[in-house]
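Examination of the molecular architecture
The lines below spell out each chain.
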Amino acid sequence: MMTKPVILTGIRANNDLHLGNYAGAMLPMVDMAGKQAGDYQFNFFVPDLHSFTTPIDHDSLYGQTLATVRMYAAAGLPMDHGDVHVYRQSRVPAHSELTWILSCFTYFGEMSRMTQFKDKSQKTGGDNASVGLFAYPILMAADILLYGAEYVPVGDDQTQHLEFTRDIADRMNNQFGQLFTLPKPVKEQHQFFGTEQGLRIRNLIDPTRKMDKSDETGKGVIFLSDPPETARKKITGATTDSLGEIGYDYSRRPGISNLLDLLWLFGGDPEEFKGATQYGPLKQAVGEKVADFLADFQSRLEQTDDETIKNVLADSEAAADETARQRLHQVQQAVGLRDN
Ligand code: TRP
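Here goes a summary of the coordinates provided. (Residues numbered from 1 in each chain as written. Predicted model: local features only at pLDDT ≥ 70, side-chain atom pairs only at ≥ 80, totals over all residues. Heavy atoms only, no water.)

For the rest of this paragraph, the subject is the overall build of the protein. On a plain count of helices and strands, the protein comes out with 12 helices and three strands. Taken against the 2.2 N^0.38 rule, which gives 20 Å for 340 residues, the C-alpha radius of gyration of the protein at 22 Å falls within 12% of a compact globule. For the C-alpha atoms alone, the extent of the protein along its principal axes is close to 75 × 40 × 40 Å. Looking at the 340 residues of the protein, the share that counts as buried comes to 49%. Within the protein, contacts between residues at least 6 apart in sequence are counted, and of these 73% link residues at least 24 apart. As displayed, the protein has an accessible area near 16,700 Å², and 49% of this comes from carbon and sulfur atoms. For the protein, the distance from the average site of its 33 positive side-chain charges to the average site of its 46 negative ones is 3 Å. (Helix = DSSP H or I, 4+ residues; strand = E, 2+ residues; numbered from the N terminus. Rg over C-alpha atoms; globule rule 2.2 N^0.38 Å. Buried < 20%, exposed > 50% of the residue type's maximum accessible area, 1.4 Å probe, protein only. Contact = heavy atoms within 4.5 Å. Areas by Shrake-Rupley, 256 points an atom, 1.4 Å probe, with all protein chains shown as cover. Lys, Arg positive; Asp, Glu negative; His and termini not counted. Charge placed at Lys NZ, Arg CZ, Asp CG, Glu CD.)

Put into structure tokens, the structure is as follows:
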């Protein structure tokens with residue numbers, strides 16, 4: 001049997017998904033799975049064991065994990081397609097077991113050089129940062145290598161971890177024979193996925209920065225859980241400029257350009273507004289499109305119940321467990337833990 005190339009990505013559990021996440025990460029993945037399942041296998045998993053490398057509220061982790069999967073279902077991820085798997089990392093024990101084995105072949109110095117660890121450990125208490133935070137790139141390598149994934153869409157903050165994954169896979173292959181498929185190098189990942197992975201939606205109040213949740217007032221960010229009316233008001237309050245004629249130019253007029261992008265994203269036609277001198281009608285049109293989208297999204301979200309989600313997870317987790325267990329078995333043989 002020919003196996004399909006695997007596209008794999010980890011979706012961190014997150015309760016506050018917003019339009020920035022939707023446009024930049026969720027939609028491209030959902031679109032791609034919709035179009036390419038059949039030619040590729042898609043593994044979308046929630047790295048829930050990664051969730052407490054820094055302190056979190058453990059009481060809400062389980063619920064957040066399910067809620068995140070529901071969001072992807074509402075966004076249209078074809079979860080019932082045979083080539084689309086959605087699973088929780090913690091439900092496939094091989095992730096943890098392979099991590100231990102790989103840890104013993106990983107150099108202390110190589111982990112110490114990870115810039116994300118340096119940044120995050122400073123923020124979370126220096127010497128009191130957890131060993132889990134330090135070792136987490138090894139778990140990430142196991143996430144990828146267990147499934148022989150070749151394509152892993154990574155943001156800039158993850159490129160070093162992907163390079164490490166290639167390094168440790170190569171090291172193990174050199175010592176023990178062909179155990180692992182190496183994920184493609186970062187450059188090829190960018191070629192495969194396109195460097196513009198989705199739209200980078202900006203903060204509505206400060207359109208020079210991207211829309212992310214570090215906005216104390218929440219006014220510049222539209223959350224997927226915002227009532228459509230609230231979203232409409234936020235768009236009315238969006239920062240624009242005083243240049244008069246509507247045009248697309250991110251360097252000089254990020255506010256207007258962002259509104260045009262939002263309009264396009266939700267099915268409107270920016271051409272209708274280019275050259276117009278009034279901003280009100282543009283804001284109104286964007287407000288309507290976004291409000292319609294949210295109403296629709298939220299009703300789909302309501303229709304996905306936890307039972308259905310749990311069933312989808314259980315099926316994928318059984319399939320993932322089988323694949324991962326086989327790969328782990330080979331590794332256990334190679335390192336001398338099994339005789340057959
Ligand atoms: N580290 C990734 C992040 O912080 C999430 C992640 C965990 C991941 N394991 C992965 C991504 C494996 C891709 C492949 O966003």
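So, next bit.
Turning our eyes to something else, we now look at the sheet that holds strand β1 (residues 6-10). Pairing in this open sheet of three strands is parallel, and the strands run β1-β2-β3 from one edge to the other. Only two strands of the sheet have a single neighbouring strand rather than two, namely β1 and β3 (84-88). Neighbour-to-neighbour, the strand axes of this sheet turn through a mean angle of 15°, independent of strand direction. Contacts between helix α1 (residues 19-36) and the sheet are confined to β1 and β2 (41-46), with β2 contributing the most and set at about 150° to the helix. (Pairing = 2+ DSSP bridges. Axes fitted to C-alpha atoms, helices over the stretch in contact; angles between N-to-C directions.)

Mapping Asp 269 onto the fold places it in the loop between α10 (254-265) and α11 (280-303). Sequence separation between Asp 269 and Leu 224 is 45 residues; the distance between their C-alpha atoms is 22 Å. From its side chain, Asp 269 meets the backbone nitrogen of Glu 271 in a polar contact 3.0 Å long. (Polar contact = N/O pair within 3.5 Å; in protein donor to acceptor, adjacent residues only side chain to side chain.)

Judged by nonpolar contacts, the single largest core of 62 residues is most densely connected at Leu 19, Phe 42, Leu 77, Leu 224, Leu 282 and Val 290. Listing elements by their share of this core, those giving two or more residues are α1, β2, α2 (58-74), β3, α9 (228-236), α10, α11 and α12 (306-334). Per-element tally for this core: the top contributor is α1, with nine residues. Counting only domains with at least three residues in this core, you end up with domain 1 (6-199 + 305-335) and domain 2 (228-301). Apart from the residues lying within four places of it in its own chain, the contact partners of Val 290 are Leu 19, Ile 222, Ala 231, Ile 235 and Phe 266. Among the nonpolar cores identified, the runner-up in size contains 39 residues, and Tyr 87, Val 92, Phe 117 and Ala 141 belong to it. (Core = buried A, V, L, I, M, F, W, Y, C linked by side-chain atoms within 4.5 Å. Domains from an automatic or database assignment.)

Taken together, Leu 8, Gly 10, Arg 12, Phe 45, Pro 47, His 50, Tyr 136, Met 140, Asp 143, Ile 144, Val 152 and Gln 158 make up the full set of residues adjacent to the ligand. The separation between a nitrogen atom of the ligand and a polar side-chain atom of Gln 158 is 3.0 Å. When the free accessible area of the ligand is taken as 360 Å², the share hidden by the protein chains comes to 92%. Broken down by secondary-structure element, the contributors of at least two residues to the shell around the ligand are β1 and α6 (131-145). Per element, the largest residue contribution to the shell around the ligand is four residues, and it comes from α6. Classifying every residue of the shell around the ligand gives seven nonpolar, three polar and two charged. (Near = heavy atom within 4 Å. Nonpolar A, V, L, I, M, F, W, Y, C, P; charged D, E, K, R; others polar.)

Counted at 1.5 Å a residue, the expected span for α6 with its 15 residues is 21 Å, and the 22 Å between its end C-alpha atoms agrees. Burial analysis of α6 places 12 of its 15 residues in the buried class, which makes it a mostly covered element. Listing the buried residues of α6 in full gives Leu 133, Phe 134, Tyr 136, Pro 137, Ile 138, Leu 139, Met 140, Ala 141, Ala 142, Asp 143, Ile 144 and Leu 145. (Expected span 1.5 Å × (residues − 1).)

Looking now at the pairing of β2. Counting buried residues in β2 gives five out of six residues, a clear majority hidden from the surface. For β1 and β2, the ladder comprises five bridges, and the chain directions are parallel. Note on β2: the bridge partner recorded for Thr 9 is Phe 44. Taken together, β1, α1 and β2 constitute a β-α-β crossover, and its handedness is right-handed. In this structure, β2 lies alongside β3, joined through five bridges in parallel fashion. Across the sheet, the residue bridging to Phe 45 is Tyr 87, located in β3. Handedness of the β2-α2-β3 crossover: right-handed. (Right-handed = clockwise from strand over helix to strand, strands pointing away.)

Turning our eyes to something else, we now look at the packing of aromatic side chains. One pass over the full model with this rule turns up 17 aromatic pairs. Relative to Phe 297, the ring of Tyr 22 lies with its centre 6.4 Å away and its plane at 75°, an arrangement referred to as edge-to-face. One end of the pair, Tyr 22, is in helix α1; the other, Phe 297, is in helix α11, and 275 residues separate them in sequence. The pair formed by Tyr 22 and Phe 297 is uniform in burial state, with each residue classed as buried. Aromatic pair Tyr 87 and Tyr 147: ring centres 5.5 Å apart, planes at 40°, arrangement tilted. With Tyr 87 in strand β3 and Tyr 147 in the loop between α6 and α7 (159-176), this residue pair connects regions lying 60 residues apart in the sequence. Across the pair, exposure class does not vary: Tyr 87 and Tyr 147 are buried alike. Clustering of aromatic rings is evident, with ring pairs tying together Tyr 22, Phe 266, Phe 293 and Phe 297. (Phe/Tyr/Trp six-rings, centres within 6.5 Å; stacked < 30°, edge-to-face > 60°.)

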